[in-house]
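Coordinate inspection notes
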Amino acid sequence: MKDELDMIFSDKDSDIEKISSRYKAVDDKRKEKIYEISKRKYDILKAGESAASDDGFIVSAEGVERYSRPKLYRYFSAAAAALVLFGGAFGGVMLSRSSKVQHMSSSSNTGVTEATSEGVTKADIFSDDTVVDKLLSNVELIQRAQYPETNTIDLSDEIWFNSDEFVPEVGKQMSITKYYYAVKDERLDTWKELDAFFTDTFIKASRERYVGPDIGSYEVGHDFKDDPFANKYLLTFILYNDKVYAKSLCEPDKCYAYGFDGLYNFSNYKLVSSEFEKGGSTLIINGDSIIEDLEVGSLEKLVTCTREYERPDGQRIVANIELLPEDGVWKVASFSVKMKNEEDQNAHNSNNELPTVEAPSNDGEFAQLQLHEEKKYYNTAETSSLLAELDNAWNNGTYRFKKVDTEKYAQQIWNAGGFDELNTLENKSFIYHMMWNSYNYFDSADITYNIRGEHGSNVWSDEVHSFADNRGKYYRIESEIDNYLEHGLGTTYLYDGISTSVNENEKTYYEWYYEFFDYLDRYMPDQYRWIKVYDEETGEPVQQNTYHVNVENEYILYPGAGDFYEFDKWYIEGVEEILGRQCAAISYTEGDYSLEMLIDMRTGIVMRYTKDFADIGQIDTMKVTSLVLNEPVEHKYFDKTGYTKERDDTIYNDN
């Protein structure tokens, strides 16, 4: 009897007629998949038997399509103390659909090709670059789906859920809103395709950290109060009403950190080197260790591929991919991506042309104040070139900071005769400058303040004592919080590139690496701190970019001024003195959100604020109760004796 697979590939008219009468036609999208599956089965049957590798795995080769990739959670509670690195160039390069690449089996021991590697590979470990190419292509697609800037999701189809989660930067539970957008990439837009894609890419323990369940039984905006419960459902990809949604790593017009193009757009980078070594170091996916979920002995096969890429702007990217075999196929166990260390990077960029953007003149005793001009860019390609120049300038320390004459402008605002005199372009540009560069206007601070929040019947307060030594690169926050759930004590230490959050009640701590005092050695002119790019057809903002490192403690000592880029959204409403400091009273409004605050005109420190979230009925207030500037700050260091380490997420340093 003739096998049906032989009939499919037969050239006889009688066989073709039988097939056409027996089976219905399929749409174009399925034709390619049916052919791939049929051809694979046919090849296996014709071969007679499957070859087995020396280690017992079946040698197999399954076709997998090439893919795409995503972040920021919006904090509704105003009690965050976060350390955030903003920067990088956001391009508009889209990943095109590529030809299929076959998986290599776990028995493959192919060496690294000369065209793509500069390293030496041991012959006794897995070292196949074609497999890593395919897997990183899949990782790129997965990451792409999490960034609104990449146009692989439907911004008009948004759902969101709330959860109370532990925020390590703050050392306590906070209400977080997670936004999801419908996936429109046809390789991931159905649950069956998504599951198959992740099965081809990640080992089981890792993909379980990415793919969540169908949560269509919950209403949009549902509040997952229990942290473990939320982590079980609110994963990176979820199914909702028969549609696949991806969790966004940032708001559509606020893609912070380095963005997709700055870290994960491998298809647009030049591969510099690719080296393999036995073993690994992290095995962390989405902040969780997967070691406990691995089978005994599986780590003996663990291999790490370290790749270095060069972006179009000359910046180097380092990707570490930890690989394990599963069902005879090498897959991703975990991965991390980061910018190459600056000291190594400078050697590569030394011959690059420096940015053409100009800083204000620093001739004389004071720097010239740069008058603010809101620039709107409508050509993504041209803007990418500008952002690349700015990125190189930031990384290379091209610009050097010099103070403006704070006394002159402070008195000018203090003595203003009315609204128009207060809100001249020069005065508002000065306030804008002080908010961006506050850390350059004081050496140290010993400050206490109270934060109070009201959300319906829920009321909480946080008594905070902060110590900052900018020149000594030291920062400490001591906090005592009272709310309807707890009375908590916590301390956050920032020094030696490490941030440690300590829960004094439970005697636990959490730490991660962060180069948070980088801003002392880097500077970007005010005019280029905030770059906004708009869609050429709709005029809507599509991306924005900032250059600064912000030790954000309720925006008090280091306020930042991203929201103040558009001068027509805020104004100076008057002046006020608090604790002997002359302050400008600022009022900002956007939609249902309003902010009023007092800014010390000689340091940029925020002395008081009121934040009104009218859409959710929440009001947060803060008032500084004591402030000592430029006096020696006691450096206390965390003694781990008697404390238990919760977990170590050094991978967060990459983002």
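Everything numeric here is computed off the predicted structure, so don't read it as measured data. (Residues numbered from 1 in each chain as written. Predicted model: local features only at pLDDT ≥ 70, side-chain atom pairs only at ≥ 80, totals over all residues. Heavy atoms only, no water.)

1. Structural notes on the overall build of the protein chain
- The number of helices and strands found in the protein chain is 13 helices and 32 strands.
- The 655 residues of the protein chain split such that 52% are buried.
- Summing over all exposed atoms, the protein chain offers an accessible surface of approximately 29,700 Å²; the carbon and sulfur share of this is 47%. (Helix = DSSP H or I, 4+ residues; strand = E, 2+ residues; numbered from the N terminus. Buried < 20%, exposed > 50% of the residue type's maximum accessible area, 1.4 Å probe, protein only. Areas by Shrake-Rupley, 256 points an atom, 1.4 Å probe, with all protein chains shown as cover.)

2. Comments concerning a negative patch on the surface
- On the surface, a cluster of negative charge is made up of Glu463, Glu480, Asp482, Glu486, Glu506 and Glu646.
- Mapped onto the elements of the fold, Glu463 is located in strand E19 (residues 458-469).
- A relative accessible area of 43% means that Glu463 is categorised as partly exposed. (Patch = residues over 30% accessible without salt bridge, like charges linked within 9 Å, V, L, I, M, F, W, Y side chains within 5 Å. Salt bridge = Lys/Arg side-chain N within 4 Å of Asp/Glu carboxyl O. Lys, Arg positive; Asp, Glu negative; His and termini not counted. Charge placed at Lys NZ, Arg CZ, Asp CG, Glu CD.)

3. Considering the packing of aromatic side chains
- A complete count under the given rule lists 41 aromatic pairs for this structure.
- Ring centres of Tyr474 and Tyr495 lie 6.0 Å apart, and the angle between their planes is 15°; this geometry places the pair in the stacked category. Here Tyr495 lies in strand E21 (residues 487-495) and Tyr474 lies in strand E20 (residues 474-482), a separation of 21 residues in the sequence. For the pair Tyr474 and Tyr495, one class covers both residues: buried. (Phe/Tyr/Trp six-rings, centres within 6.5 Å; stacked < 30°, edge-to-face > 60°.)

4. Some words on the nonpolar core
- Counting residues in hydrophobic clusters, the biggest one holds 57 residues, and the most contacted among them are Phe430, Ile431, Leu557, Phe564, Ile586, Met597 and Ile605.
- Sort the elements by how many residues they give to this core and helix H13 (residues 425-436) lands first, with six residues.
- If we ignore the near neighbours within four places in the chain, the residues touching Phe430 are Leu369, Val404, Thr406, Tyr409, Ala410, Ile413 and Met601.
- Membership of the second largest hydrophobic core comes to 55 residues, among which are Val244, Ala246, Leu323 and Leu324. (Core = buried A, V, L, I, M, F, W, Y, C linked by side-chain atoms within 4.5 Å. Contact = heavy atoms within 4.5 Å.)

5. Description of the side chain of Arg187
- Tracing the backbone shows Arg187 in the loop between strand E6 (172-183) and helix H5 (191-201).
- Within the local environment of Arg187, its side chain forms a polar contact with the side chain of Asp185, the two groups lying 2.6 Å apart. (Polar contact = N/O pair within 3.5 Å; in protein donor to acceptor, adjacent residues only side chain to side chain.)

6. Concerning the confidence of the model for the protein chain
- The predicted model of the protein chain averages 75 in pLDDT, with 70% of residues at 70 or higher.
- Mean pLDDT across the elements of the protein chain ranges from a minimum in strand E2 (residues 74-75), with 27, to a maximum in helix H11 (residues 406-414), with 96.
- The model gives residues 1-10 a pLDDT under 50, and that stretch makes 22 contacts with residues more than four places away or in other chains.
- Across residues 649-655 the pLDDT falls below 50, and counting only partners more than four positions away or on other chains, this stretch makes 25 contacts in the model. (pLDDT = per-residue confidence, 0-100.)

7. Comments concerning H11
- What H11 keeps buried is the set Thr406, Tyr409, Ala410 and Ile413. End-on, the buried residues of H11 take up no more than an arc of 100°, which puts them together on one face. (Arc of directions from axis to C-beta.)

8. Structural notes on the sheet that holds strand E14 (residues 303-310)
- If you walk across this open sheet you meet the four strands as E11-E14-E15-E16, and the pairing is antiparallel. On the outer flanks of this sheet lie strand E11 (270-278) and strand E16 (329-339), each paired with one strand and no other. Between one strand axis and the next, the sheet turns by 20° as a mean value, whatever way the strands run. (Pairing = 2+ DSSP bridges. Axes fitted to C-alpha atoms, helices over the stretch in contact; angles between N-to-C directions.)

9. Considerations on the sheet that holds strand E17 (residues 376-377)
- Taking strand neighbours across the sheet as the criterion, the three strands line up as E17-E24-E25 in an open arrangement whose pairing is mixed. With one partner strand each, in any of the chains shown, E17 and strand E25 (541-546) form the two edges of the open sheet.

10. Some thoughts on the pattern of salt bridges
- Per the stated rule, a full pass over the model turns up 21 salt bridges.
- Of the charged contacts, one joins Arg581 and Asp600 as a salt bridge, the two residues approaching to 2.9 Å between their closest N and O atoms. Remark: Asp600 occurs in strand E29 (residues 593-600) and Arg581 occurs in strand E28 (residues 581-590); sequence separation between them is 19 residues.
- Each of Lys532, Glu566, Lys569 and Glu590 takes part in a single network of salt bridges with overlapping partners.

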